[in-house]
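For reference, the chains in residue letters:
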Amino acid sequence: GNNFHLHTTQDNTARQLLDVIEQVNRETPFSRQRIAFAHLEDATPETIERIKTLGGGISVQDRLVLTGERNVELWGEQKARNAPPLRTMIESAVPLGAGTDAFRSANYSPMLSLWWLVTGKTVAGSAIRDKSQNATREEALRMYTIGSAWFIGEERRSGSLEVDKLADLVVLNGDYLTVPEDQIRSLESLLTMVGGRIVYAAKPFTP
């Protein structure tokens, strides 16, 4: 019943893997496995629907925050402006998580990643993703928290602040939901709790 994680940067890779996984599923149906398709920067609606039908999800990683301009050269502007198609993914209701893929291909900062999900901009300031495919702040935060908890089967224990869940939380130095968009990337934690235990504190929370 273990989950598994597939590295699928491109839609064609996902399609090839889906052909195999769908065949396996027909012979031995998946019961509890959660299948994560990571990246999928040029996912088509058809591929998203196939993943959803299998009970899988998509884990969006933010390497394009560093390489977006290069991808315009490699892919052409139309494809780059749709990468990844966040709005299409969100509206499909496929399980959706988000992360950084650090240190493999991006910066580890969750705030930089949230900023990229919301703005579609690269660190160089180019607004590459079309605004119509960006996530709202609430959607990006949901992907990062309860959305990502789904992939490891922990959504009943973590990913949101509720009674009987782990006290995993941060107190930021600004309001993520209301600061100007371009300030999201530089927000910092002043207090970090994991499972109810303080693991990091800065002023005014230092003893």
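These numbers come from a predicted model, not from an experiment. (Residues numbered from 1 in each chain as written. Predicted model: local features only at pLDDT ≥ 70, side-chain atom pairs only at ≥ 80, totals over all residues. Heavy atoms only, no water.)

1. Considering the overall build of the chain
To keep it simple, the criterion reads: Helix and strand definitions here come from DSSP, where helices need a minimum of 4 consecutive H or I residues and strands a minimum of 2 consecutive E residues; each element is numbered from the N-terminal end. When a residue's accessible area, from a 1.4 Å probe over protein chains only, is under 20% of the maximum for its type it is buried; when over 50% it is exposed; and in between it is partly exposed. Contacts between residues were defined by any pair of non-hydrogen atoms, one from each residue, lying within 4.5 Å. Values of accessible area rely on a 1.4 Å probe in the Shrake-Rupley scheme; residue burial ignores everything except the protein chains shown. Charge assignment in this entry is limited to Lys and Arg as positive and Asp and Glu as negative, and neither His nor the chain termini are counted. Charge positions come from single atoms, namely NZ of Lys, CZ of Arg, CG of Asp or CD of Glu.
Along its length, the chain carries seven helices and seven strands. N-terminal to C-terminal, the α/β element order of the chain is β-α-β-α-β-α-α-α-β-α-α-β-β-β. Taken along the three principal axes of its C-alpha coordinates, the chain extends 60 × 45 × 30 Å. Looking at the chain as a whole, 42% of its 207 residues are labelled buried. Taking contacts inside the chain between residues at least 6 apart in sequence as the whole, the part at least 24 apart equals 65%. Of the roughly 11,300 Å² of accessible surface on the chain, a fraction of 52% belongs to carbon and sulfur atoms. For the chain, the distance from the average position of its 23 positive side-chain charges to the average position of its 26 negative side-chain charges is 2 Å.

2. A closer look at the pairing of strand 3 (residues 57-61)
Operational definition: Strand pairing follows a simple DSSP-based rule, namely that at least 2 bridges must link the two strands.
For strand 3, the tally of buried residues reaches five of five residues, placing the bulk of the element in the interior. The alternating pattern of strand 3 places Gly57, Ser59 and Gln61 on one face and Ile58 and Val60 on the opposite face, and all of these are buried. Bridge count for strand 3 against strand 4 (residues 96-99) is four bridges, and the pairing is parallel. For valine 60, the partnering residue across the bridge sits in strand 4 and is alanine 98.

3. Quick word on the side chain of arginine 129
Which entries qualify depends on this criterion: The rule for a salt bridge is simple: a side-chain nitrogen of Lys or Arg has to be within 4 Å of a carboxyl oxygen of Asp or Glu.
Looking at the element boundaries, arginine 129 is found in the loop between helix 6 (110-119) and helix 7 (137-151). Buried charge arginine 129 goes without a salt bridge, the closest partner of opposite sign being aspartate 62 at 9.0 Å. Setting aside chain neighbours within four positions, we find arginine 129 in contact with Ala80, Arg81, Ala83, Pro84, Leu86, Trp116, Leu117, Thr119, Gly120 and Asn134.

4. Re empty space enclosed by the protein
Here is the rule we go by: Cavity: a set of points on a 1 Å grid over the protein atoms alone where a 1.4 Å probe fits but cannot get out. Pocket: an open set with protein on both sides within 12 Å along at least five of seven lines, its lining residues, like those of a cavity, having an atom within 4 Å of a point. Grid points are joined across faces, edges and corners, and a volume is the space filled by probe spheres set on the points. Polar here means any residue other than Ala, Val, Leu, Ile, Met, Phe, Trp, Tyr, Cys and Pro, which are nonpolar, and Asp, Glu, Lys and Arg, which are charged; Gly is therefore polar.
Counted by the stated rule, this structure contains one cavity of 30 Å³ or more. In this structure, the largest cavity spans a volume of roughly 70 Å³. As for the largest cavity, its lining consists of Leu64, Gly68, Asn71, Trp75, Ala80, Ala83, Trp116, Gly120, Lys121, Thr122, Ile128 and Arg129. Residue classes in the lining of the largest cavity are distributed as six nonpolar, four polar and two charged.

5. Looking at the packing of aromatic side chains
Put simply, the rule reads: Aromatic pairs are defined between Phe, Tyr and Trp rings, using the six-membered ring for Trp, whenever the two ring centres lie within 6.5 Å; interplanar angles under 30 degrees are classed as stacked, those over 60 as edge-to-face, and all others as tilted. Only when the NZ atom of a Lys or the CZ atom of an Arg is both within 6 Å of the ring centre and within 35 degrees of the ring normal do we say a charge sits over the ring.
Taken as a whole and judged by the stated rule, the model has two aromatic pairs. Taking the centre distance of 4.9 Å and the plane angle of 85° together, the rings of tryptophan 150 and phenylalanine 151 count as edge-to-face. Grouping residues by exposure puts tryptophan 150 and phenylalanine 151 together as buried. Here the basic side chain of lysine 79 rests over the ring of tryptophan 75, its NZ or CZ set 4.8 Å away from the ring centre. In this structure, arginine 129 packs its charged tip against the face of tryptophan 116, placed 4.5 Å from the ring centre.

6. Focus: the pattern of salt bridges
Taken as a whole and judged by the stated rule, the model has twelve salt bridges. One salt bridge in this structure joins arginine 81 and aspartate 130, with 3.2 Å as the shortest N-O distance. Residue arginine 81 is found in the loop between helix 4 (77-80) and helix 5 (86-92), and its partner aspartate 130 is found in the loop between helix 6 and helix 7; the two are separated by 49 residues along the sequence. In this structure, the salt-bridge partner of arginine 157 is glutamate 154, at a minimum N-O distance of 2.9 Å. Judged by its relative accessible area of 43%, arginine 157 is partly exposed. Of the residues examined, glutamate 154 reaches a relative accessible area of 21% and is grouped as partly exposed. Connected through shared salt-bridge partners, Asp19, Glu22 and Arg50 make up one network.

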